[in-house]
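Residue strings, one per chain:
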Amino acid sequence: MSDSKPFVLAKGGRGGWGNQHFATPTRQVPRFAKPGLEGEVREVILELKLLADVGLVGFPNVGKSTLLSVVSKAHPKIANYHFTTLYPNLGVVYVTEGVSFVMADIPGIIEGASEGAGLGHDFLRHIDRCRLLVHLVDVSGSEGRDPVADFEAICAELSEYSPELAERPQIVVANKTDLLPEGSSLLEELRDYVTELGYDFYEMSAATHQGTTELVKAIAGKLAELPPIRTFEADYVAPEPVIDTSEELEIEECDGVWYVEGPWLKKLVATINFTDYESRMYFDRTLREASVFDRMEALGVQDGDAVSMYGLEFEYQS
Ligand code: GDP
Ligand code: MG
C-alpha cells in the first residue's frame, strides 16, 4: 500500500445466523462457524512508527533529553551516564499561538548502531519519518571528546543506516557551551566545519536554557519551509492461494525419475514463485501436508532421486 487509504487486512466472515441460533443454557458463546462463513486469518506484524516532526540525534550524554525537557512538557530521564534514555520520548514544543511541533528524543545512537550494536539500532527506525534532524554535539570537550569527530561519527552512522535519512535536513547544535574551557577553540572549529558543509548552526547550553528559545524558533522556521511528512508505506503481501489438496496425486517412477501429477499440483506449481523463499516454503508445506512425501517414501523414493512435477525438476531430499 503506498497511500494512506484504509484497506482490508483480513476479511470477516459472511456473517452467521446470530447468537440466538447457537445459544443454549450451557453454551452462550458460539465457538464455531458454519463452514464457508469463516473470515480470513492472517498473521501480521504491526510496527508503531512514532510521528515526530523533529528527531534529536547525537551521542549519548550530549543533552538530547535535557533539551526536550527544557522546551516541552516531556519528562525524559536525564542522567550523566550512557543509555539513560531507553525509550524514545516525544514532546510537543509550543512556539507561539497556534504554532507547535513534535520533537522526539532518540536515544543512544552510538558507533556501530547501524550494524545492530547497542540499543541505537532499534531507535533509528523511529526517526524514519522526521522531517528535520536536530543534531546535538557536546562542544565542551568533556570526556576528552572531539566535537568534529563526534559530528562525523553520527553522520556516518546515519548514512550507514539509511542514506536517505542522512540526506534529511539537519540543524547542528553545539551544546554545553557553559562548560567550554577558557580559551577553547572547540566551538569555533565545529562551527567552521559544519557551516562549510552548508548546515545551519546554533549554540546553546540546554542546562542553563541559554539559546534554547532561539533554537526552537529556528526549528519552527525550518519546518515551515519543509514539505509535509511522508506517509507510511506498508508492504502488502497477497494471501497465499487456497488449493484443495484432497484429491490424491498420481506418483509414478520411470527410469529413476519420479513423476508426480494431478490437477491441484499443476495449479500449485503454476502459482509458486520459485525465486521467492516464502513461496517455496508454501509449496513445500502444501506437499508435506498433503502427505505427498510420505506416499513417495512408502513407494521407495530415495534421497538423491530425481523428481519431476510439471516441468519442475529437483532431487529428492527427505
Ligand atoms: P542525552 O543522553 O543526550 O539525552 O543527554 P542528557 O540530556 O541525559 O544529558 C546528559 C548529562 O549532561 C546530564 O547530566 C545533563 O544534566 C548534562 N547536560 C545536558 N546539557 C547540558 C548543558 O548545556 N550544560 C551542562 N553543563 N550540562 C548539560
Ligand atoms: Mg537521553
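The sections below set out a description of the structure shown in this document. (Residues numbered from 1 in each chain as written. Chains lettered and ligands numbered in written order. Predicted model: local features only at pLDDT ≥ 70, side-chain atom pairs only at ≥ 80, totals over all residues. Heavy atoms only, no water.)

1. What to know about the environment of Pro227
Okay, so step 1: Within the secondary structure layout, Pro227 lies in the loop between α7 (212-225) and β7 (250-254).
Okay, so step 2: For Pro227, a relative accessible area of 56% corresponds to the exposed category.
Okay, so step 3: Residues Pro227 and Arg131, 96 residues apart in the sequence, show an inter-C-alpha distance of 7.8 Å. (Helix = DSSP H or I, 4+ residues; strand = E, 2+ residues; numbered from the N terminus. Buried < 20%, exposed > 50% of the residue type's maximum accessible area, 1.4 Å probe, protein only.)

2. Side note on the pairing of strand β4 (residues 132-138)
Okay, so step 1: β4 sits mainly inside the fold: seven of its seven residues count as buried.
Okay, so step 2: Residues Leu132, Val134, Leu136 and Asp138 line one face of β4 and the alternating positions Leu133, His135 and Val137 line the opposite face, and both faces are buried.
Okay, so step 3: Here strand β1 (residues 54-57) pairs with β4 via four bridges, running parallel. Across the sheet, the residue bridging to Leu56 is Val134, located in β4.
Okay, so step 4: When β4 meets strand β5 (residues 170-175), the two strands line up parallel, connected through six bridges. Bridge pairing links Leu133 to Gln170 in β5. (Pairing = 2+ DSSP bridges.)

3. A look at the packing of helix α2 (residues 64-71) against α7
In helix packing, the relevant descriptors are the interaxial angle and the interaxial distance, both defined with respect to the helix axes.
Okay, so step 1: In the contact formed by α2 and α7, the axes pass within 11 Å of each other and the chain directions differ by 85°. With respect to each other, α2 and α7 are oriented roughly perpendicular. Only Thr212, Leu215 and Val216 of α7 make contact with α2, whose side of the interface consists of Leu67, Val70 and Val71.
Okay, so step 2: Split by residue class, the contact of α2 with α7 holds five nonpolar, one polar and no charged. (Axes fitted to C-alpha atoms, helices over the stretch in contact; angles between N-to-C directions. Parallel < 35°, antiparallel > 145°, perpendicular 65-115°, else oblique. Contact = heavy atoms within 4.5 Å. Nonpolar A, V, L, I, M, F, W, Y, C, P; charged D, E, K, R; others polar.)

4. Some words on the sheet that holds β1
Okay, so step 1: What the six strands build is an open sheet, ordered β2-β3-β1-β4-β5-β6; its pairing is mixed. The outermost strands of the open sheet, each flanked by one partner alone, are β2 (89-96) and β6 (200-203). Pairwise comparison of adjacent strand axes, ignoring direction, gives a mean angle of 25° for this sheet.
Okay, so step 2: Pairing analysis gives three bridges linking β1 to strand β3 (residues 99-105), with the strands arranged parallel.

5. Points about the packing of helix α4 (residues 147-161) against helix α6 (residues 186-196)
Okay, so step 1: For the pair α4 and α6, interaxial distance at closest approach is 9 Å and the crossing angle is 40°. Overall, the two elements α4 and α6 adopt an arrangement that is oblique. Across the interface between the two elements, Pro147, Val148, Phe151 and Glu152 from α4 touch Leu186, Glu189, Leu190, Tyr193 and Val194 from α6.
Okay, so step 2: Taken together, the residues of the contact of α4 with α6 break down into seven nonpolar, no polar and two charged.

6. A word on unusual backbone geometry
Okay, so step 1: Even without being glycine, Asp255 reaches a positive phi, approximately 50°.
Okay, so step 2: With respect to the helices and strands, Asp255 occurs in the loop between β7 and β8 (257-261).

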